[in-house]
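Secondary and tertiary structure notes
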Amino acid sequence: AQSVTQLDSQVPVFEEAPVELRCNYSSSVSVYLFWYVQYPNQGLQLLLKYLSGSTLVKGINGFEAEFNKSQTSFHLRKPSVHISDTAEYFCAVSRGRGSTLGRLYFGRGTQLTVWP
Amino acid sequence: KAGVTQTPRYLIKTRGQQVTLSCSPISGHRSVSWYQQTPGQGLQFLFEYFSETQRNKGNFPGRFSGRQFSNSRSEMNVSTLELGDSALYLCASSGQAGPDEAFFGQGTRLTVV
């Protein structure tokens, strides 16, 4: 089974400051990597994903993430946050598509709180 | 294009009862997955259906079951409800048999009293 570790359960930051949300995963095989955001009483919205190719992935709302295979990490970054970025962020992995490979394994989440 | 629709949004049930939750995927999507979200356990995979067949199953007791219809709509059922079943249940639909194009619904908040 895969495991995903989000190293910080809570990250407080001031508006317009940069932020990094950390994610490490355990796998000896190739994986697909995802970051999702969840606003209160809502479902999950995909921010970005890494399937293959360039290790720097750009997503919506100004977020980006870098896949580091040697460190098995997929950290999420934003150079300047807004109050509207306050939400819970989930890192997830899957081993691929179809059959038993297609399920998502989620980290425990990081609550990002942006203060004015 | 309509998103993933889950009904109902909120539900309150008594211990011992059973409940059925519904998920209508995005038009054309054939894969539907279900996840349970709780503060204690986080997001956990329940099962995945593709073309009416269960393709993948998580580690949940047999009280949790699901099915998918020919129009790709899916239902999950929980029998003999326990307090610990209180959770947000999320459904995700995908255009391929995998998560890389998955879209999530807003969830059904189940409270067991």
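The structure this text deals with has already been given above.
Residues numbered from 1 in each chain as written. Chains lettered and ligands numbered in written order. Predicted model: local features only at pLDDT ≥ 70, side-chain atom pairs only at ≥ 80, totals over all residues. Heavy atoms only, no water.

1. Details of the pattern of salt bridges
All names here are of chain A. Considering all chains together, one arrives at nine salt bridges over all chains under this definition. Glu64 is the partner of Lys58 in a salt bridge, and the nearest nitrogen-oxygen pair spans 2.8 Å. A residue is classified by how much of its surface remains accessible, and Lys58, at 60% relative accessible area, is exposed. Residue Glu64 is classed as partly exposed on the basis of its relative accessible area, which comes to 23%. With a shortest N-O distance of 3.6 Å, Arg77 and Glu66 are connected by a salt bridge. One end of the pair, Arg77, is in strand β9 (residues 73-78); the other, Glu66, is in strand β8 (residues 64-68), and 11 residues separate them in sequence. (Salt bridge = Lys/Arg side-chain N within 4 Å of Asp/Glu carboxyl O. Buried < 20%, exposed > 50% of the residue type's maximum accessible area, 1.4 Å probe, protein only. Helix = DSSP H or I, 4+ residues; strand = E, 2+ residues; numbered from the N terminus.)

2. Observations regarding the nonpolar core
In terms of nonpolar packing, the biggest core is built from 28 residues, with Leu33, Trp35, Leu47, Leu48, Phe74, Leu76 and Tyr89 of chain A touching the most fellow members. For this core, the element with the highest residue contribution is strand β10 (residues 87-94) of chain A, accounting for four residues. Not counting residues within four places of it along the chain, the set of residues in contact with Leu48 of chain A comprises Leu33, Phe34, Trp35, Val57, Lys58, Gly59, Phe63, Glu64, Ala65, Phe74 and Leu76 of chain A. Counting 21 residues, the second-largest nonpolar core is a separate cluster that includes Val4, Leu46, Phe64 and Leu81 of chain B. (Core = buried A, V, L, I, M, F, W, Y, C linked by side-chain atoms within 4.5 Å. Contact = heavy atoms within 4.5 Å.)

3. Examining the sheet that holds strand β7 (residues 64-68) of chain B
All names here are of chain B. Taken in spatial order, the four strands make up an open sheet running β1-β3-β8-β7, and their pairing is antiparallel. Whereas interior strands pair on both sides, the edge strands pair on one side only; in this sheet they are β1 (5-7) and β7. Geometrically, the sheet is characterised by an average inter-axis angle of 15° between neighbouring strands, direction not taken into account. With five bridges connecting them, strand β3 (residues 19-24) and strand β8 (residues 74-78) associate as antiparallel partners. Bridge pairing in β8 links Val19 to Val78. (Pairing = 2+ DSSP bridges. Axes fitted to C-alpha atoms, helices over the stretch in contact; angles between N-to-C directions.)

4. Looking at the side chain of Gln6 of chain B
All names here are of chain B. Take Gln6: it is sitting in strand β1. For Gln6, a relative accessible area of 5% gives the class buried. At 2.9 Å, the side chain of Gln6 forms a polar contact with the backbone nitrogen of Cys91. Reaching out from Gln6, the side chain makes a polar contact with the backbone nitrogen of Gly107 at a distance of 3.0 Å. In this view, Gln6 contacts Ser22, Cys23, Trp34, Tyr89, Leu90, Cys91, Gly105, Gln106, Gly107 and Thr108; residues no more than four positions away in its chain are not counted. (Polar contact = N/O pair within 3.5 Å; in protein donor to acceptor, adjacent residues only side chain to side chain.)

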